[in-house]
Amino acid sequence: MLCLTMTGRTLEENLKLKENLSPLVDLFELRIDLLESIDIPQIAEFSRSVEKPLILTCRRERDGGAYKRTDRTRASQLAQLLESGRFSYVDLEEDFRRSELEQRAQQRGIEIIRSFHDTASVPSDLFTRMDRIARRGEIPKAAVTADSISNVLTIFSARQQLKELSRYIILSMGDWGVPTRILYKLTGSFLTYVSPEGMPAASGHLDAQAMKHLFRADQVDDRTKIYGIIGNPVMHSASPKIHNPAYMKLGMNAVYVPFLVDDVRTFFSLADLLGISGFSVTVPHKQHVLPYLGKITREVKQIGSCNTVVWEREYWKGVNTDYYGFLKPIYEDLEGERIKKAVVLGSGGSARSVVWALRNHQCSVTILNRTVEKAARLARETGASWGGLDELEKIREADLIVQTTSVGMIPNDGQDPIEAYQFRGDEVLYELIYAPEKTKLMKRAEAAGCRLISGKEMLRAQGILQFETFTGLTFPLSEAEVVF
Ligand code: NAP
């Protein structure tokens, strides 16, 4: 079940949220600590207007909420609301036991969600505490803070550890916790919290639209094929917006989830536990995954980096779709020899795929990089020439300039890696950066009349190939249908 946390500062704001988002969710949580003022009769009246089950919560500051008054006042306000309002659940903290509240909840048929919050870590006695709460006939809720993929693995092991419990809620806050929110059913949680767009109630809360329509979190079940992307950072990735809509279009029971990963080895254990079918790999793990692959394609071997991992019956297979995704927009120009000389700016991970793809298509390549030694190393390996980013005379005869450095990327989108270079107008500029959509360098090239190829084109092309590698199916969406 999806539970919308009402984050409005007034009941009027919450009323609007309820009206707009009700079709997306199964229940609501009213956070009275977020209200500008706590007016008991008005809140009680509001609670009676909510047609779906409603959780009453008043979170203290130390648990990540906004309530500043004493525990005594809080108990009194909660008691009045349990008496006069209409709530299905009340969320009370583990260290806040008040028999008058418990009795009143029982008399009125209101279930107690007994929560504990750890805003710094995942406590080692997590499951014992939850078990203890459940034995009292209450619903345990653990909102903890993972700071490693190993912690995330612990949270997903709840389903096994707590299999005797009929209902509980477990989740991690922050970016690490995003998979525990999307795949809440695989943690065994009976609900997951969502926020209104742009008003997250807690760190890592996803919005109702994304959870319902992009991730279809409430439809995940034991037969759902799980895919995802691993990286660090990873939450900015556009890939969920390429893959998830394609599953939906084909009516596939599948979901694509971002996983923040610090340690690849532990992620493979999580992949086993969740039965993950395939995943994309981004910075800094494209090399780190290699030791775990049972089979790799020729490109992965040559480039030494892998951005796509798929489970093939008995082993993980590594593919590099950056290579083909990069080639797609220029393939015919390379084959028709309209592009014969290229300059590649940068010699990081993506430059490796780019240079190899160009060299394998008989294109002569010069690599220019800030750290010249790195350019020289890649150039020696691939049979290219090299230089520094200031050696602009080396660009003069190029048919194609491929920009692979991170210079010009958000938030530094005012930067240009070759500021002093004057475009002739007949070169093709291929920019790998996709955020912003048009970098400063692209704007200069466009003004000079150059043909532009954007990072989005490559991202889309490599994503489509990844989808086809994962599923064996043809990507079903048109260009206009892939919005990221
Ligand atoms: P990477 O391995 O970290 O390499 C970064 C490159 O940028 C290195 O050559 C580095 O030079 C250079 N660089 C960084 N800061 C610089 C600065 N201030 N001045 C000059 N050069 C600088 O990163 P990557 O994986 O290759 O990714 C690079 C870019 O490509 C990112 O924007 C990424 O989003 C984009 N990308 C796009 C796609 C797509 O599908 N469109 C796919 C992959 C990557 P040094 O060697 O001197 O450090």
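K.L.:
Explain the overall build of the protein residue by residue, including any values.
P.N.:
Helix and strand content of the protein: 19 helices and 21 strands. Expressed as lengths along the three principal axes of its C-alpha atoms, the size of the protein is roughly 80 × 50 × 40 Å. The proportion of buried residues among the 484 residues of the protein is 58%. The long-range fraction of contacts in the protein, counting pairs at least 24 apart against all pairs at least 6 apart in sequence, stands at 65%. Roughly 20,900 Å² of accessible area belongs to the protein as shown, and the carbon and sulfur atoms make up 46% of that amount. With 62 positive and 63 negative side-chain charges, the protein shows a separation of 2 Å between the mean positions of the two kinds.

K.L.:
So, the domain arrangement of the protein: which residues are in play, and what are the values?
P.N.:
Once the domains are mapped, the protein shows domain 1 (2-222), domain 2 (241-320 + 468-481) and domain 3 (327-453). Centre-to-centre separation of domain 2 and domain 3, based on C-alpha positions: 27 Å. With 4 residues of domain 2 in contact, the opposing surface of domain 3 contributes 5 residues. Summing the contributions of domain 2 and of domain 3, the shared interface buries around 480 Å²; its carbon and sulfur component is 43%.

K.L.:
Explain the state of the cysteines to me, using residue names and the numbers behind them.
P.N.:
Counted by the stated rule, this structure contains 0 disulfides. Note on Cys-58: no disulfide assigned, nearest cysteine sulfur contributed by Cys-3 at a separation of 16 Å. With relative accessibility at 1%, the residue Cys-58 sits in the buried group. You can see Cys-450 has no disulfide; the closest cysteine sulfur is in Cys-363, sitting 16 Å from it.

K.L.:
Go over the pairing of strand E3 (residues 54-57), please, and point to the residues and values.
P.N.:
Here E3 shows no split at all, with Leu-54 and Leu-56 on one side and Ile-55 and Thr-57 on the other all buried. Here 4 bridges tie strand E2 (residues 27-31) to E3, and the two strands are oriented parallel to one another. Note on E3: the bridge partner recorded for Phe-28 is Leu-54. In this region the chain leaves E2, passes through helix H2 (residues 40-49) and returns to the parallel neighbour E3; the handedness of that crossover is right-handed. Examined bridge by bridge, E3 and strand E4 (residues 89-93) share 3 bridges and lie parallel to one another. Across the sheet, residue Leu-56 finds its bridge partner in E4, namely Val-90. Note that the unit made of E3, helix H3 (residues 71-84) and E4 has a crossover that is right-handed.

K.L.:
If you had to explain helix H17 (residues 372-382) to someone new, which residues and values would you point to?
P.N.:
Residues of H17 that are buried: Ala-375, Ala-376, Leu-378, Ala-379 and Thr-382. Along its buried surface, H17 packs onto helix H16 (349-359), strand E17 (364-369) and strand E18 (385-388). Of the residues trailing H17, Gly-383 is marked for its positive phi of about 75 degrees.

K.L.:
Quick one: what's the story with the sheet that holds strand E13 (residues 295-296), residue by residue and with numbers?
P.N.:
Taken in spatial order, the 6 strands make up an open sheet running E11-E10-E12-E14-E15-E13, and their pairing is mixed. In this open sheet, the two strands that pair with only one neighbour each are strand E11 (254-260) and E13. In this sheet, strand E14 (residues 308-312) lies alongside strand E12 (residues 276-281) in antiparallel orientation, the contact comprising 3 bridges. Residue Gly-278 lies in a different strand from E14, and its bridge partner there is Val-310. Packing against the sheet, helix H11 (residues 239-249) makes contact with strand E10 (225-231), E11 and E12, and its axis sits at approximately 165 degrees to E11.

K.L.:
Tell me about the layout of surface pockets, and name the residues and values.
P.N.:
One number sums up the size of the largest pocket: a volume of about 1,600 Å³. Considering the residues around the largest pocket, the lining is formed by 49 residues, among which Val-283, Ser-350, Thr-404, Ser-406 and Met-409 are closest to the centre. Of all elements in the fold, only E12, H16, H17 and helix H19 (455-471) reach the threshold of two or more residues within the lining of the largest pocket. With 6 residues, the single largest contributor to the lining of the largest pocket is H19. A per-class count over the lining of the largest pocket returns 19 nonpolar, 22 polar and 8 charged. Each of domain 2 (241-320 + 468-481) and domain 3 (327-453) contributes no fewer than three residues to the lining of the largest pocket.

K.L.:
Help me get a handle on the site of the ligand, residues and values and all.
P.N.:
Surrounding the ligand, one finds 22 residues, the nearest of these being Gly-349, Ser-350, Asn-369, Thr-371 and Lys-374. Protein burial of the ligand: of its 930 Å² of free accessible surface, 77% is covered by the chains. According to the grid-proximity analysis, the pocket containing the ligand is the largest pocket. Broken down by secondary-structure element, the contributors of at least two residues to the shell around the ligand are H16 and H19. With 3 residues, the top contributor of residues to the shell around the ligand is H19.

K.L.:
Requested: an account of the packing of aromatic side chains, with residues and values cited.
P.N.:
Following the criterion strictly, the structure yields 15 aromatic pairs and no others. A ring pair is formed by Phe-268 and Phe-279, whose centres lie 5.6 Å apart and whose planes are at 70 degrees; its orientation type is edge-to-face. Remark: Phe-279 occurs in strand E12 and Phe-268 occurs in helix H12 (residues 264-274); sequence separation between them is 11 residues. When sorted by exposure, Phe-268 lands in the same class as Phe-279, which is buried. Sitting over the ring of Phe-96, Arg-74 keeps its end group 4.1 Å from the ring centre. For Arg-129, the ring lying beneath its charged end belongs to Phe-116, and the centroid distance is 4.0 Å.

K.L.:
Describe the nonpolar core, naming the residues involved and giving the relevant values.
P.N.:
Within the largest apolar cluster, 107 residues are counted, with the highest numbers of intra-cluster contacts made by Leu-183, Phe-259, Phe-267, Phe-279 and Val-289. Structurally, this core is a two-domain feature, drawing no fewer than three residues from each of domain 1 (2-222) and domain 2 (241-320 + 468-481). Beyond its immediate chain neighbours, meaning those up to four positions away, Phe-259 contacts Pro-179, Leu-183, Tyr-227, Gly-228, Ile-229, Ile-230, Gly-231, Val-234, Phe-267, Leu-270, Leu-274 and Ile-276. Grouped together as the second largest cluster of nonpolar side chains are 29 residues, Ile-330, Cys-363, Ile-367 and Ala-375 included.

Definitions and cut-offs
Residues numbered from 1 in each chain as written. Predicted model: local features only at pLDDT ≥ 70, side-chain atom pairs only at ≥ 80, totals over all residues. Heavy atoms only, no water. Helix = DSSP H or I, 4+ residues; strand = E, 2+ residues; numbered from the N terminus. Buried < 20%, exposed > 50% of the residue type's maximum accessible area, 1.4 Å probe, protein only. Contact = heavy atoms within 4.5 Å. Areas by Shrake-Rupley, 256 points an atom, 1.4 Å probe, with all protein chains shown as cover. Lys, Arg positive; Asp, Glu negative; His and termini not counted. Charge placed at Lys NZ, Arg CZ, Asp CG, Glu CD. Domains from an automatic or database assignment. Buried area = accessible area lost by both parts, 1.4 Å probe. Disulfide = S-S within 2.5 Å. Pairing = 2+ DSSP bridges. Right-handed = clockwise from strand over helix to strand, strands pointing away. Axes fitted to C-alpha atoms, helices over the stretch in contact; angles between N-to-C directions. 1 Å grid on protein atoms, 1.4 Å probe; cavity = no way out; pocket = protein on both sides within 12 Å on 5 of 7 lines; lining within 4 Å. Points joined across faces, edges and corners; volume = space filled by probe spheres on them. Nonpolar A, V, L, I, M, F, W, Y, C, P; charged D, E, K, R; others polar. Near = heavy atom within 4 Å. Sits in = over half its atoms within 2 Å of the grid points. Phe/Tyr/Trp six-rings, centres within 6.5 Å; stacked < 30°, edge-to-face > 60°. Lys NZ or Arg CZ within 6 Å of the ring centre and 35° of its normal. Core = buried A, V, L, I, M, F, W, Y, C linked by side-chain atoms within 4.5 Å.

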